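Reading the structure
As a plain string of letters, each chain reads:
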Amino acid sequence: MKAAPRLILLSLLAVLVLLPYIWMVSVSLKPRSEVFSATLSLIPQDWAAAQNYGRVLREIPIGRYLLNGVFVCGAILAFQLAFAIPAGYALAKLRFPGRGALFAFVMLGLLVPAHVPAIPLYIAAANAGLLNSYTALIAPFTISVFGIFLFRQFFRAMPDELLHAARVDGMNEASVVLRVVLPNAWPAATAFAIFSVVAHWSDLFWPLIVVTEGDLYTPALGVLWFRAEEAGDDYGALMAAAVMVTAPLVIAFLLAQRRFIEGMTMSGLKG
Amino acid sequence: MLTGPAMLAYLAMLLVPTLAVVVLAFTDFELGMPGFRWVGFDNFADLLTDRTVAASVRNTALYVAIVTPASILAGLGLALLIESGLRGKIVFRAIFFLPVVSLMVAMATAWQYLLHPTIGPVNALLRMIGLAGPNWLGSSDWVLISLGAIGVWENAGFNMVLVLAGLTAIPRELYAAAEVDGARSAVARFRLVTWPLLGPTMLLVTTITTIRSIRTFDTVATLTQGGPNKASEMIVWTIYQEGFSFLRMGYAAALTVVFLIVVLVVMLVQTRIIEKRTHYA
Amino acid sequence: MGVGLGGIIIEQARKAYGTVAALKGVSLTIAAGEFLALVGPSGCGKTTLMRAIAGLETLDAGRVIFGEDDVTARRAADRDVAMVFQNYALYPHLTVFQNIAVPLVMRRLNAWQRLPVVGPLASRQARAAIAADVRAAAESLAIGHLLARKPGQLSGGQRQRVALGRAIVRHPRVFLMDEPLSNLDASLRTETRRELVDLHRRVGAATIYVTHDQSEAMTMADRVAVMMDGEILQVATPEAIYADPADLRVAGFVGSPRINVLAVDSAAGPVRVGGWDTGLVGPGATHYAVRPESLVPADDGLPVRLEHIEFLGDSLLLHARHEPTGAALVARLEPQARKSLERGQALHLRPLHGLLFGADGRRIRSVARHPALV
């Protein structure tokens, strides 16, 4: 396709895709009167950033919500890696009876969408008094069948000689895992990390179910609550909140695009 | 062994709960009520006659029917546009991919403002050219379409990236061969080389988008809560309502089982089709 | 002017990628039905030149003429060339039959006739003719029995034949081959060389064969064009390229083991190397080159010390060091000579025939001072 029409078309489509973002930021800077004037202008006439963002910062513990998000996603990722890397390694490199069957059995888990185990997990959490706890938010996601699959594939591709050389050098299995396997798992780990963090930062379903106390709200819940309870029709503040919870991942994405796209493309394999 | 912790977590968080859901589907369990009974297939029978469930299934099917082809075509179109030139690839790829890394609840809220019937820019624009825009999210005629549009917006970038990966896997030489063989137009080259070699990718994209569409929850929960009048009721939202608002867990479990079966069928169909077509280099 | 309908003329072709000049004013003439090998090291521009002839690249300057048609502005699809790619570029989703048929389908059927279901109905006759041509081409390459298979099910040699079939089925005006043998096993390569030359005779079109392997070029071609750094250094028959190179780089590129190159003592006067009088006169000569098979042990000549002897069965390679200049030399001798030679030995090697080159690498035609000395 010729250069100019292509660029024009792509730019138009880009604007279309960016519309919500543009307006989100724009409204977050406008005072109430302008928001309700149904104007098409993006630049606010009166600068209301302090009001809107101020209201958000004052009335809802947005910092807390963001920290919750970071903590929960971080913990989930840590557990996922801690479980999936050794399991993937074992399934790829170690020989033991029933390995094939175990792998097939675990892969069945890929077929099950995340919402399916929700009800019994909730019942169990309720009975154990674990509702409204970080444990409830983190535990169900510690198993990532996709992670096991990913690391197994990755380790399979790793040459055996590397491990043999380490063993010949006198390392025991644990050292082999720590000193040889883990450092080499880095690229797969980062891609997986991105996939996991993006998925869980945005997750609404499970936090909505298990958390009713404000202290534990994840960013997604925080926005939902603010919208439903407090904001009323103060779109300015609402958009300010939206900007604040969306910004972290967007900025991280813009800084590390390639890695992000790699990670998310992998999730495509999961389906 | 090394797989120990993973296996434990797998059993506790995935396997046992999934089996439990299937078991629950045959009971009339309600959280907070003492005891429960086996009711056999009663829950499933009730599902069939439940108006809400019927609306839910119909809406989900409609939503999937809109969003899946539209977002696949959008993804394909964007990928082809980006690949067909030299400039700005990284920038455009980043822009179209943005929705994938954005918090959906927040973006849904932004969309709510955009689509607001009185103060939203979309209707303001329409007013400027003399049209009266409908109540996009508040009218039962338009709500599903609006959610669908948001769904396409959400998925197009993701599909684009998958198609881009598929496109870059096509050997450049094939295009040179096609040119020498007489494929003059871009359409001819697309038919001879691009489309056939994108086959597996397009299949993957279709399956993924279908399943993602079936699982839509965030936009419904944030914007419409199934309304107005069940016009945007969708499967996962219904499960949520039944199970966690009304606490009729046995019933919600039955619906979950149906949901699981649908997803499994979609994946099965995909695997079958792939097996049939894996006979090339 | 012109080379007849079947010939190719390239005039002053220039092509640059950014600041890198891939073609620096290349001119070449190929006669109708000629087999020309375009040979040179990686990065010399031969692939760029071939793609420009095919129409896959546009030239920054210069012309490409087929017969009497200036095709410079035409795209590949309109040039009536056929090309065999290095990795064959077969359509993986099509059968062998369909692969070979593609050029015919693209050119003989219009867009409507190519539509999936209705197309075939509207073009029975044309398609039958195409099928006949495809079968004929396949039979001529002994792959008629593979027509229903897909490329993924074929061996490397079979895939190459399919690529050839796709190229010849159209009876093209110009035939281009891009390193077609480089992906084959060594044993298959020598056999296929002959077959390609036979094929060329049958097809009769002007053929340009690109390769980095000088032995392929020398054994297969009517004429060889040696290319380096975006320029054609010499176009001549293999014999002339070998015995009468126009440039030091050509001399060094062709022939195995490499030609021996020694520095000339002084650019004026009779040519001496390390004090020894070569018997030649060539003003401005800075390099003296002699082929390994032209060096014979003798009483008089270049004084060397033997460092290494390689026995090849049909010949003997001596690796020696020229004492005065320290240059490394290789000589090729009869296998029987082995008996009288050993490592560390000092002896004299006399060149039977030497070539002179100047500081810019150009060949300086030498004059023998005393015919008796040479």
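That block above? That's the structure.
Notes on the structure follow. The residue numbering used here restarts from 1 in each chain and proceeds along that chain's sequence as written. Chains carry letters and ligands carry numbers; both start at the beginning, A for chains and 1 for ligands, and go up in the order they are written. Totals for whole chains, interfaces and linings use every residue, but because this is a predicted model, local features are given only for residues with pLDDT of at least 70 and side-chain atom pairs only at 80 or more, for both listing and counting. Side-chain metrics rest on all non-hydrogen atoms present in the structure, leaving aside hydrogens and water.

1. A closer look at the overall build of chain C
A count of helical and extended segments in chain C gives nine helices and 22 strands. Principal-axis analysis of the C-alpha atoms gives chain C an extent of 85 × 45 × 35 Å. We call a residue buried when its accessible area falls under 20% of the maximum for its residue type, exposed when it is over 50%, and partly exposed in between, using a 1.4 Å probe and counting protein chains only. Within chain C, buried positions represent 50% of all 374 residues. Pairs of residues are marked as contacts when any of their non-hydrogen atoms sit within 4.5 Å. The long-range fraction of contacts in chain C, counting pairs at least 24 apart against all pairs at least 6 apart in sequence, stands at 64%. Here chain C holds 43 positive side-chain charges and 37 negative ones, and the gap between their average locations is 7 Å. Numbering goes from the N terminus for both helices and strands, where a helix is a DSSP run of H or I of at least four residues and a strand is a run of E of at least two. Here Asp and Glu are counted as negative and Lys and Arg as positive; His is not counted, and neither are the chain ends. Charge coordinates come from a single atom per side chain, which is NZ of Lys, CZ of Arg, CG of Asp or CD of Glu.

2. Comments concerning the overall build of chain B
A tally of regular secondary structure across chain B gives 12 helices and zero strands. When the helices and strands of chain B are listed from N to C terminus, the series reads α-α-α-α-α-α-α-α-α-α-α-α. In terms of overall dimensions, chain B has a C-alpha envelope of 75 × 65 × 35 Å along the principal axes. Taken over 281 residues, chain B has a buried fraction of 58%. Once local pairs closer than 6 in sequence are excluded, the contacts in chain B between residues at least 24 apart make up 66%.

3. Concerning empty space enclosed by the protein
Residue and element names in this part refer to chain A. Throughout, the protein atoms alone are placed on a 1 Å grid, and a set of points is a cavity if a 1.4 Å probe fits but cannot get out or a pocket if it is open with protein on both sides within 12 Å along at least five of seven lines; lining residues have an atom within 4 Å of a point. Grid points are joined across faces, edges and corners, and a volume is the space filled by probe spheres set on the points. Taken as a whole and judged by the stated rule, the model has three cavities of 30 Å³ or more. Put simply, the second largest cavity is a space of about 80 Å³. As for the second largest cavity, its lining consists of 13 residues, and the residues nearest its centre are Val72, His200, Asp203, Pro207 and Thr218. Mapped onto the lining of the second largest cavity, the elements with two or more residues apiece are helix 4 (62-93), helix 11 (186-201) and helix 12 (205-210). At four residues, the largest contribution of residues to the lining of the second largest cavity is made by helix 4. Each residue gets one of three labels, nonpolar for Ala, Val, Leu, Ile, Met, Phe, Trp, Tyr, Cys and Pro, charged for Asp, Glu, Lys and Arg, and polar for the others, Gly among them. In terms of residue class, the lining of the second largest cavity is made up of nine nonpolar, three polar and one charged.

4. Some words on the sheet that holds strand 5 (residues 69-70) of chain C
Residue and element names in this part refer to chain C. Strands sit in the order 2-1-4-5 across an open sheet of four strands; the sheet is antiparallel. Only two strands of the sheet have a single partner each, and these edge strands are strand 2 (20-30) and strand 5. For two strands to count as paired, DSSP must find a minimum of two bridges between them. When strand 1 (residues 8-17) meets strand 4 (residues 61-66), the two strands line up antiparallel, connected through five bridges. Following the sheet pairing, Glu11 is matched in strand 4 by Arg63. Note on method: axes are straight lines fitted to C-alpha atoms, helices fitted across the in-contact stretch only, with angles between N-to-C directions ranging 0 to 180 degrees. Here helix 1 (residues 46-54) sits on the sheet in contact with strand 1, strand 2 and strand 4, set at roughly 60 degrees to strand 2.

5. Details of the interface of chain B and chain A
Reports of interface size often rely on the accessible area that becomes lost once the parts have come together. Taken together, the contact pairs 82 residues of chain B with 83 residues of chain A. The term buried area denotes the loss of accessible surface (1.4 Å probe radius) that occurs when two parts are joined, taken as the sum for both partners. Overall, the association of chain B and chain A removes approximately 7500 Å² of surface from exposure, summing both partners, and the carbon and sulfur fraction of that is 81%. In the sections that follow, a salt bridge refers to a side-chain nitrogen of Lys or Arg positioned within 4 Å of a carboxyl oxygen of Asp or Glu. Where chain B touches chain A, the interface holds zero salt bridges. Pairs of N or O atoms are called polar contacts if they sit within 3.5 Å, as long as, within protein, a hydrogen donor faces a hydrogen acceptor (for residues adjacent in sequence, only side-chain-to-side-chain pairs). Linking chain B with chain A are nine residue pairs in polar contact (both at pLDDT 80 or more), by the criterion used here.

6. Remarks on the interface of chain B and chain C
Between chain B and chain C, the contact holds 21 residues from the first and 31 residues from the second. Of the roughly 2100 Å² buried between chain B and chain C, counting both surfaces, carbon and sulfur atoms make up 60%. Counting the surface chain B buries against chain C, the share from its top three residues, Glu173, Val180 and Asp181 of chain B, is 30%. Taken together, the connections running from chain B to chain C amount to three salt bridges. Note that Glu179 of chain B is salt-bridged to Arg75 of chain C, the shortest N-O span being 3.1 Å. Applying the counting rule to chain B against chain C returns nine residue pairs in polar contact (both at pLDDT 80 or more). Mapped by element, the contributors of at least two residues to the side of chain B that touches chain C are helix 8 (172-181) and helix 9 (186-214) of chain B.

7. Overview of the pairing of strand 3 (residues 35-39) of chain C
All names here are of chain C. Counting buried positions along strand 3 yields five of five residues, so the element is predominantly enclosed. Burial along strand 3 is two-sided: the face carrying Phe35, Ala37 and Val39 and the face carrying Leu36 and Leu38 are both buried. Two elements, strand 3 and strand 8 (residues 206-211), share five bridges in a ladder whose sense is parallel. Bridging from a neighbouring strand, Leu36 pairs with Ile208 of strand 8. As paired strands, strand 3 and strand 9 (residues 223-228) are joined by four bridges and run parallel to one another. Of the residues in strand 9, the one forming a bridge with Leu38 is Ala225.

8. Topic: the environment of Leu121 of chain C
All names here are of chain C. Mapping Leu121 onto the fold places it in helix 3 (residues 118-122). Leu121 gets classed as exposed once you look at its relative accessible area, which sits at 59%. For the pair Leu121 and Arg343, spaced 222 residues apart in sequence, the C-alpha separation works out to 79 Å.

9. Regarding the pairing of strand 4 of chain C
All names here are of chain C. Note: strand 4 against strand 5, two bridges, orientation antiparallel. Within the sheet, the bridge partner assigned to Phe66 lies in strand 5 and is Asp69. Where strand 4 folds back onto strand 5 in an antiparallel hairpin, the turn is made up of two residues, including Gly67, whose phi is positive at roughly 65 degrees.

10. Re the layout of surface pockets
A volume near 670 Å³ is recorded for the second largest pocket. Lining the second largest pocket we find 21 residues, and of these Leu94, Gln98, Val105, Arg114 and Arg127 of chain C sit closest to its centre. Elements represented by at least two residues in the lining of the second largest pocket include exactly helix 9 of chain B together with helix 2 (96-108) and helix 4 (124-140) of chain C. Split into classes, the residues belonging to the lining of the second largest pocket amount to 16 nonpolar, two polar and three charged.

11. Considering the packing of aromatic side chains
Two rings from Phe, Tyr or Trp (for Trp, the six-membered ring) form a pair when their centres sit within 6.5 Å of each other. Planes less than 30 degrees apart are called stacked, planes more than 60 degrees apart edge-to-face, and all others tilted. In total, this model carries 32 aromatic pairs over all chains according to the counting rule given. Where Tyr122 of chain A meets Phe244 of chain B, the ring centres are 5.0 Å apart and the plane angle is 90 degrees; that geometry is what we call edge-to-face. One end of the pair, Tyr122 of chain A, is in helix 6 (residues 118-127); the other, Phe244 of chain B, is in helix 11 (residues 235-245), on a second chain. Here Tyr122 of chain A matches Phe244 of chain B in class, with each residue buried. Here the aromatic rings of Phe253 of chain A and Phe97 of chain B are separated by 5.5 Å at their centres, their planes lie at 40 degrees, and the arrangement is tilted. Residue Phe253 of chain A is found in helix 14 (residues 235-255), and its partner Phe97 of chain B is found in helix 4 (residues 89-97); the two belong to separate chains. Given a relative accessible area of 0%, Phe253 of chain A falls into the buried group. Exposure remark for Phe97 of chain B: the relative accessible area of 0% places this residue in the buried category. Every member of this aromatic cluster is reached through a ring pair, and the members are Tyr89, Phe146, Phe151, Phe154, Phe155, Phe192 and Phe195 of chain A. Only when the NZ of Lys or the CZ of Arg is both within 6 Å of the ring centre and within 35 degrees of the ring normal is a charge said to sit over the ring. Above the face of the Phe158 of chain B ring, Arg212 of chain B is positioned so that its terminal group lies 4.3 Å from the ring centre.

12. Observations regarding helix 3 (residues 51-83) of chain B
Every α-helix winds through 3.6 residues per turn, so residues three or four apart in the chain are directed the same way. Each helix should span, by expectation, one fewer than its residue count multiplied by 1.5 Å. Helix length check: helix 3 of chain B, at 33 residues, gives a terminal C-alpha distance of 47 Å against a target of 48 Å (1.5 Å per residue), a fit within 8%. Of the residues flanking the start of helix 3 of chain B, the one acting as N-cap is Asp50 of chain B, its side-chain oxygen 2.8 Å from the backbone nitrogen of Thr52 of chain B.

13. Observations regarding the sheet that holds strand 13 (residues 276-281) of chain C
All names here are of chain C. Here we have three strands laid out as an open sheet, ordered 12-13-22, and antiparallel in their pairing. Unpaired on one side and paired on the other, strand 12 (270-273) and strand 22 (367-368) mark the two borders of the sheet. As defined by bridge partners, strand 12 adjoins strand 13 across three bridges and the pair is classed as antiparallel. Each residue of the ladder has a partner; that of Val273, found in strand 13, is Trp276.

Don't take any of this as a statement about function, it's just geometry.
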